[in-house]
Amino acid sequence: MDAAHKLEISRRGVLIVGAAASAVAAPSVSEAQAAGADAPVLAKVAFEVNGTRRELELDTRTTLLDALRENLNLTGSKKGCDHGQCGACTVIVDGRRINSCLTLAVMHEGGRITTIEGLGQPGALHPMQAAFVKHDGFQCGYCTPGQICSAVAVLDEIKAGVPSHAGADVTAAPQVTSDELRERMSGNICRCGAYSNIIEAITEVAGGNA
Amino acid sequence: MKFDQPATTNPIDQLKVVGKPTDRIEGPLKVSGAAPYAYERRDVAPSPAYGCVIGATIGKGKIQSMDLGPARRAPGVITIVTAQNAGPVGKGAFNTAKLIGGPDIDHYHQAIAVVVAETFEQARAAAQLVRVNYVRTAGEFDLSKAKDGAKAPKQLTGGPPDSALGDFDGAFAAAAVKVDSTYTTPDHAHAMMEPHATIAAWKGDELTLWTSNQMIDWGRGEIAKILGMPKTKVRLISPFIGGGFGGKLFIRADAVLAALGARAAGRPVKIALQRPLMINNTTHRPATIQRVRLGATRDGKITAIGHESWSGDLPGGKPDGAVHQTRMLYAADNRMTATRLAVLDLPEANAMRAPGEATGHMALEVAIDELAEGLGMDPVELRIRNDTQVVPDAAGAPPKPFSQRQLVECLRTGAERFGWARRNPQPGQARDGRWLVGMGVAAAYRGAPTMKSAARVRLNGRGLVIVETDMTDIGTGTYTIIAQTAAEMMGVPLASVRVSLGDSDYPVSAGSGGQWGAASSTAGVFAACMKLRQAVAEKLGFDPDKAVFADGRVSAGRKAAPLADAARDGELVGEDAIEFGDLSKRYQHATFGAHFVEVGIDPYTAEVRVRRMLAVCAAGRILNPKAARNQVIGAMTMGVGSALMEELVVDKGQGFFVNHDLASYEVPVHADIPHQEVIFLDETDPTTSPMKAKGVGELGICGVSAAVANAIYNAAGVRVREYPITLDKLLAGMPAVA
Ligand code: FES
Ligand code: FES
């Protein structure tokens, strides 16, 4: 069995657990069994995290999120769902925000990754982090690193003219409006419901009025 | 400290620190990712093993056989724990179903095993190899079918299940204007962002759990009970909690299975419940069927008020208390409430934010809107006309006054600020461009209970004040309001206070639940600070009754000294608990509010957009308006969710919640929520606690969904009594598009 084929099956295994509902009795168990019975496939990967080059040898099934959290001890990126449904794991890779739970670490060879830890630390907060504190853009704080990484990337997207559903004209340059921000931030769930404050924080950083 | 007389003037009344909209003191940790949540404690468990939980895939029945062989042989697997090999595992007093099932299965996704492996990926892969054969038995999963067999529960939080006053039937029959409506609310999920998670480590016979739990001392006792060990051998640590909403009041499978897994593996084990498992594995707010009957005179005086509610739970479970606010909100001489509980085999129903009132307002406050329409009366006016200052239905107990009740002021202030006068009472008339626009209002009631709460406060030689209590901050702002309390009491700036929470080694607090946390836990800190002030004054040779604590100094008469001097020979410690006497028996402690909502509805698709929201709250002294406001907007957001989208869909054949993840259980996202306004009325309540405070976190959700529903009716003229109000339920009744 070649490595690519193994990767394929392993990812399928991931999906089966994801579906969980009928996992135990599912007919596809035999395939997953083949994957599980083999020793894990390890692969080397190197990328830059918050400006530092990191080299890892990882189980190829390891998501970027788990590589950050479990291997690099960067637990600022949160796991809310592990299925691309909540945004808590948002990090910025090569200038774009992504759900780090939805991508395997080994896919990011040579990538430049910015996590919440790379934006700022207590005592030297990024303006977006400071604005979240000032506007109380969180309660429990679990969605917060994802919200902040997303917000930082959203302002860049608007600056770069990337259109969104909120704009009436996709060819016009998007503006920092509450509607634009709400639309673009909607992949980041805050069950504590601090949305109204989050939009105020982002708006302040963007230099506008909500 | 006993609190059995109304508070007089005390150091908190200075309001130099308390009452200020201070930023959260733990904010920088949270926004930088430095706040450690349960699963992330590398510092205490550097190389843990990973657990993957397996949930049952039948709604009810038995495990016939389980083949663990292939999973055991899978790479990296250390151990697999099942009910069969776990040794004796009991049931917690707060749990309705066992946290590890087998051979009997009580509900879908009840945990039946945990696979422990060297890595997360290995545990997850091996969990797929466990083969289980089940024998399914028939279960009851349909509340509407089970309703007729529902029985009166023994107890309802806040009183007996049934209450009656005057002659409801006679008065209702004779009433000039009537409403008789039935409403349904579906099952709801807490869906907090941090999954239930635990790291467990044993040292000999001592167990430490780094977990995510709202109630440390309850949890400690429950773990002891479930694992059959002395409570003193259990330690729970929970300094940061990624949301709870009632879903983390109790010990759940992550904690028990991590403990069992760690014992079997001989090393620390960590588990986060997989998101798709959480909804059926843990608890949820139960669905309700509610019938509300209102009778009134032509001039809008309510003469008869009746509320019946049905909900379901597993055998031995609890009802939803949907009738509760109906005993409190409006005057009427003839009244009845009744609660019935059906046995269902769905996962365990339990508390979720404002249990009872959250669902109850969804029915009662729409019924009031219907009555206003029947009367041709403004719904704000109707509510004001039927105000009362005594509990209108004490459910058999002697009537008592509310300690504070500013419902009328909430309604009037809100109407004024929201521009209620601009509302067209005729539904379907107001337009903004192509959008149909409507406004809705609802009243809000939520009790303001208090619970015994203890704290320890230390003063060190550098003048730092360190507070320790097992109280939790679930996003509520506890760190900050406790620091504000200690700073005010000891006369130091906020920066001189450190707060340590959520550790069972600390004095036992009220914990976070039932909206009692803020008022109770700060009162506990108040009591401990009084002890510390005494110790400081004695140490400095000052008269404790005369000592004034301000600006980092203590003074009495002509004598003065820096506070830190008192600790120059060693730390001083004050420890005490606040214990509440019978003031809550003499007065009804409650919080009140009014919610105003404006919606727009697309006339073609019936898509509902919430455009404006305002809450006016009267909830005692607001300890930190910034954090309190956030509690209320968060609750308003959740209320929009239950109005418009949240619904656990029941597979009535297989017996489980179908939409058990965050993609299919829809909660509000940014795009669903407009700018929100919150007004707190000036209020101090000396009968609740020395802080004169209450709570707001649950008040904020009460009535929101009804206000949304009423706004929808005002906008489109369609009354949907079956939540959530999705567009498929609106479309048929929408006005013809011109
Ligand atoms: S954890 Fe990645 S989207 Fe939820
Ligand atoms: S702050 Fe708790 S989920 Fe957003």
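Residues numbered from 1 in each chain as written. Chains lettered and ligands numbered in written order. Predicted model: local features only at pLDDT ≥ 70, side-chain atom pairs only at ≥ 80, totals over all residues. Heavy atoms only, no water.

Some remarks on the overall build of chain B
The secondary structure content of chain B amounts to 17 helices and 30 strands. For 738 residues, the compact-globule formula gives about 27 Å, and the C-alpha radius of gyration of chain B, at 27 Å, lands near that figure. Considering only C-alpha atoms, chain B reaches an extent of 80 × 75 × 50 Å along its principal axes. In chain B, of all internal contacts separated by at least 6 residues, the share reaching a separation of at least 24 is 81%. (Helix = DSSP H or I, 4+ residues; strand = E, 2+ residues; numbered from the N terminus. Rg over C-alpha atoms; globule rule 2.2 N^0.38 Å. Contact = heavy atoms within 4.5 Å.)

Let's talk about the sheet that holds strand 11 (residues 206-211) of chain B
Residue and element names in this part refer to chain B. The sheet built from 7 strands is open, its strands ordered 4-6-2-13-10-11-12 with mixed pairing. Every other strand in the sheet has two partners, leaving strand 4 (77-82) and strand 12 (234-237) as the edge strands with one partner each. Within the sheet, the average angular offset between the axes of one strand and its neighbour, ignoring direction, is 20 degrees. Of the pairings in the sheet, the one linking strand 10 (residues 197-203) to strand 11 comprises 6 bridges and is antiparallel in character. Paired with lysine 203 across the strands is glutamate 206, a residue of strand 11. (Pairing = 2+ DSSP bridges. Axes fitted to C-alpha atoms, helices over the stretch in contact; angles between N-to-C directions.)

Things to note about the packing of aromatic side chains
Across all of its chains, the model carries 14 aromatic pairs over all chains by this definition. Between B:Trp218 and B:Phe250 the ring centres are 6.2 Å apart and the planes differ by 5 degrees, which places this aromatic pair in the stacked class. In this pair, B:Trp218 sits in helix 6 (residues 216-227) while B:Phe250 sits in the loop between strand 12 and helix 7 (253-265), placing the two residues 32 residues apart along the sequence. On the basis of relative accessibility, which here comes to 7%, the residue B:Phe250 falls in the buried class. Counting every residue linked through ring pairs, the aromatic cluster contains A:Tyr142, B:Tyr37, B:Phe240 and B:Tyr479. Its end group placed over the ring of B:Phe172, B:Lys178 keeps NZ or CZ at 5.3 Å from the ring centre. Geometry around B:Phe418 places B:Arg612 over its ring, the cationic atom sitting 3.9 Å from the centre. (Phe/Tyr/Trp six-rings, centres within 6.5 Å; stacked < 30°, edge-to-face > 60°. Buried < 20%, exposed > 50% of the residue type's maximum accessible area, 1.4 Å probe, protein only. Lys NZ or Arg CZ within 6 Å of the ring centre and 35° of its normal.)

Section: the side chain of B:Lys248
Residue and element names in this part refer to chain B. Here lysine 248 lies in the loop between strand 12 and helix 7. Only 2.9 Å separates the side chain of lysine 248 from the backbone oxygen of glycine 243, close enough to count as a polar contact. Apart from residues no more than four positions distant in its own chain, lysine 248 is found in contact with Met192, Glu194, Pro195, His196, Ser212, Asn213, Gln214, Met215, Ile241, Gly242 and Gly243. (Polar contact = N/O pair within 3.5 Å; in protein donor to acceptor, adjacent residues only side chain to side chain.)

Quick look at the interface of chain A and chain B
The interface is formed by 71 residues belonging to chain A together with 75 residues belonging to chain B. When chain A packs against chain B, the two sides together hide about 5900 Å² of surface, and 58% of this comes from carbon and sulfur. Across the contact surface, chain A and chain B share 6 salt bridges. Residue A:Arg191 pairs with B:Glu646 through a salt bridge whose shortest N-O separation is 2.7 Å. The interface formed by chain A and chain B holds 31 residue pairs in polar contact (both at pLDDT 80 or more) in total. Counting only elements with at least two residues in the side of chain A that touches chain B, the list comes to helix 1 (3-19), helix 2 (29-37), helix 3 (64-71), helix 4 (116-119), helix 5 (127-134), helix 6 (144-159) and helix 8 (195-206) of chain A. Partitioned by chemical class, the residues of the side of chain A that touches chain B number 33 nonpolar, 23 polar and 15 charged. (Buried area = accessible area lost by both parts, 1.4 Å probe. Salt bridge = Lys/Arg side-chain N within 4 Å of Asp/Glu carboxyl O. Nonpolar A, V, L, I, M, F, W, Y, C, P; charged D, E, K, R; others polar.)

Some details on the environment of A:His126
Residues and elements named next belong to chain A. Positionally, histidine 126 belongs in the loop between helix 4 and helix 5. Taking the C-alpha atoms as reference points, histidine 126 and glutamate 70, 56 residues apart in sequence, are found 25 Å from one another. Those residues in contact with histidine 126 that lie beyond four places of it in its chain are Leu119, Gly120 and Val152.

Concerning the pairing of strand 20 (residues 465-468) of chain B
Residue and element names in this part refer to chain B. Because side chains alternate across strand 20, one face comprises the buried residues Val465 and Val467, and the other comprises Ile466 and Glu468, equally buried. Across 4 bridges, the pairing between strand 19 (residues 453-459) and strand 20 is antiparallel. Counted as the bridge partner of valine 457 is valine 467 from strand 20. In textbook terms, the turn of a hairpin is the stretch between consecutive antiparallel strands, and for strand 19 and strand 20 this stretch comprises 5 residues, one of which, glycine 463, has a positive phi near 80 degrees. When strand 20 meets strand 21 (residues 497-500), the two strands line up parallel, connected through 4 bridges. Across the sheet, the residue bridging to valine 467 is valine 499, located in strand 21. For the crossover that starts at strand 20, traverses helix 12 (residues 478-490) and ends in the parallel strand 21, the hand is right-handed. (Right-handed = clockwise from strand over helix to strand, strands pointing away.)

Some points on the nonpolar core
Counting 238 residues, the largest nonpolar core has B:Ile223, B:Met490, B:Val536 and B:Val599 as the members making the most contacts within it. Residues lining this core come from more than one domain, with at least three contributed by each of domain 1 (40-119) and domain 2 (122-210) of chain A. In contact with B:Ile223, other than residues within four places in its own chain, are B:Leu207, B:Leu209, B:Gly228, B:Val234, B:Leu236, B:Ile251, B:Ala255 and B:Val256. (Core = buried A, V, L, I, M, F, W, Y, C linked by side-chain atoms within 4.5 Å. Domains from an automatic or database assignment.)

Some points on the domain arrangement of chain A
Residues and elements named next belong to chain A. According to the domain assignment, chain A consists of domain 1 (40-119) and domain 2 (122-210). The partner domain 2 presents 16 residues to the 16 residues of domain 1 that form the contact. Taken over both partners, the interface formed by domain 1 and domain 2 buries close to 1400 Å², and the fraction arising from carbon and sulfur atoms is 58%. Put simply, domain 1 and domain 2 have 1 salt bridge between them. For glutamate 157, the salt bridge is made with arginine 97, and the minimal N-O distance between the two is 2.8 Å. In this structure, the connection of domain 1 to domain 2 is made through 8 residue pairs in polar contact (both at pLDDT 80 or more). Contributions of two or more residues to the side of domain 1 that touches domain 2 are made by strand 3 (90-93) and helix 4. Here the side of domain 1 that touches domain 2 takes 3 residues from strand 3, the largest share from any one element. When the residues that make up the side of domain 1 that touches domain 2 are grouped by side-chain class, the tally is 6 nonpolar, 6 polar and 4 charged.

So, the sheet that holds strand 7 (residues 131-136) of chain B
The 3 strands are arranged 5-3-7 (chain B) in an open sheet whose pairing can be described as antiparallel. Looking along the sheet, the strands with just one partner apiece sit at the ends: strand 5 (104-105) and strand 7 of chain B.

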